[in-house]
Amino acid sequence: MLVTMKRIPTFLFLLLGVSCARQETPPEYNWQTLEVKASAYNSVEWQTDDDGDIAAWGDTLKPTMRAIAVSRDLLRKGLDHNTPVFIEGLDGVFLVKDKMHHRWRNKIDIYMGKDIKRARKWGVQKVKISYPVKADTLNPKTTG
């Protein structure tokens, strides 16, 4: 028992040393927040193309997925393939799985499977989104 008691202060010292060292290290990711227009889309041919279940990076979309498409200008702001995104007013984390046509700017499209009624009800809204960006990739031209 005495041996164990002598080891506790050493353990605490080491634990505090590790904790302090981690706090001095810059974070690997910074969270960015943007206000964007958000519409909704479905896996139906007349909204996408011949195979509406295949996204731009080759992912197969399934109706239960929490996925979004992003306008291509947002790619330069760190919203790349599989980036996790929080959308104001919606629960859960969405992943960037698709890209929108070149004509769109500052916009996301929320994937709603085959539920056209739900997508129409959503309409187009302005929302705030939050997502992580690697700390070493930030520069003043791309931060929002």
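Model, not experiment: these values are computed from the prediction. (Residues numbered from 1 in each chain as written. Predicted model: local features only at pLDDT ≥ 70, side-chain atom pairs only at ≥ 80, totals over all residues. Heavy atoms only, no water.)

What follows is about a nonpolar patch on the surface. The grouping of Trp31, Phe86, Val93 and Leu95 at the surface amounts to a nonpolar patch, some 360 Å² of accessible area in total. Among the secondary structure elements, Phe86 is positioned in strand E3 (residues 84–87). (Patch = residues over 30% accessible without salt bridge, like charges linked within 9 Å, V, L, I, M, F, W, Y side chains within 5 Å. Areas by Shrake-Rupley, 256 points an atom, 1.4 Å probe, with all protein chains shown as cover. Salt bridge = Lys/Arg side-chain N within 4 Å of Asp/Glu carboxyl O. Helix = DSSP H or I, 4+ residues; strand = E, 2+ residues; numbered from the N terminus.)

Turning our eyes to something else, we now look at the packing of aromatic side chains. Going through the model one piece at a time under the given rule, you end up with two aromatic pairs. Centre to centre, the rings of Trp31 and Phe86 are 5.7 Å apart; their planes meet at 45°, and the pair counts as tilted. Of this pair, Trp31 sits in strand E1 (residues 29–41) while Phe86 sits in strand E3, placing them 55 residues apart in sequence. For Trp31, a relative accessible area of 49% puts it in the partly exposed group. Of the residues examined, Phe86 reaches a relative accessible area of 40% and is grouped as partly exposed. The side chain of Lys107 reaches across the aromatic face of Trp104, ending 3.7 Å from its centre. (Phe/Tyr/Trp six-rings, centres within 6.5 Å; stacked < 30°, edge-to-face > 60°. Buried < 20%, exposed > 50% of the residue type's maximum accessible area, 1.4 Å probe, protein only. Lys NZ or Arg CZ within 6 Å of the ring centre and 35° of its normal.)

Bringing the side chain of Lys107 into the picture now. Inspection of the secondary structure assignment puts Lys107 in strand E5 (residues 107–111). One buried charge, Lys107, has no salt-bridge partner; the nearest side chain with opposite charge is Asp109, at 5.2 Å. Not counting residues within four places of it along the chain, the set of residues in contact with Lys107 comprises Val36, Lys37, Ser39, Ala69, Val70, Ser71, Leu74 and Met100. (Lys, Arg positive; Asp, Glu negative; His and termini not counted. Contact = heavy atoms within 4.5 Å.)

Here the focus is the pattern of salt bridges. One pass over the full model with this rule turns up one salt bridge. The salt bridge partner of Lys97 is Asp59, with a shortest N-O separation of 3.5 Å. Taken together, the positions of Lys97 in strand E4 (residues 93–99) and Asp59 in the loop between E1 and strand E2 (67–70) put the pair 38 residues apart, joining distant regions of the chain. Classification of Asp59 as buried rests on a relative accessible area of 17%.

Bringing the confidence of the model for the chain into the picture now. When pLDDT is averaged across the chain, the result is 80; 69% of the residues are at 70 or more. Mean pLDDT across the elements of the chain bottoms out in helix H1 (residues 2–24) (46) and peaks in E3 (97). Here residues 18–22 is modelled with pLDDT under 50, and outside its nearest four sequence neighbours on either side it reaches zero contacts, counting other chains as well. (pLDDT = per-residue confidence, 0-100.)

Glancing now at the pairing of E1. As paired strands, E1 and strand E6 (residues 125–134) are joined by ten bridges and run antiparallel to one another. Its bridge partner lying in E6, Leu34 is registered against Ile129. (Pairing = 2+ DSSP bridges.)

Take Ala56: it is sitting in the loop between E1 and E2. A residue is classified by how much of its surface remains accessible, and Ala56, at 43% relative accessible area, is partly exposed. For Ala56 and Met100, which are 44 residues apart along the polypeptide, the C-alpha to C-alpha distance reads 8.5 Å. Once residues within four sequence positions are removed from consideration, Ala56 is found in contact with Lys97, Asp98 and Lys99.

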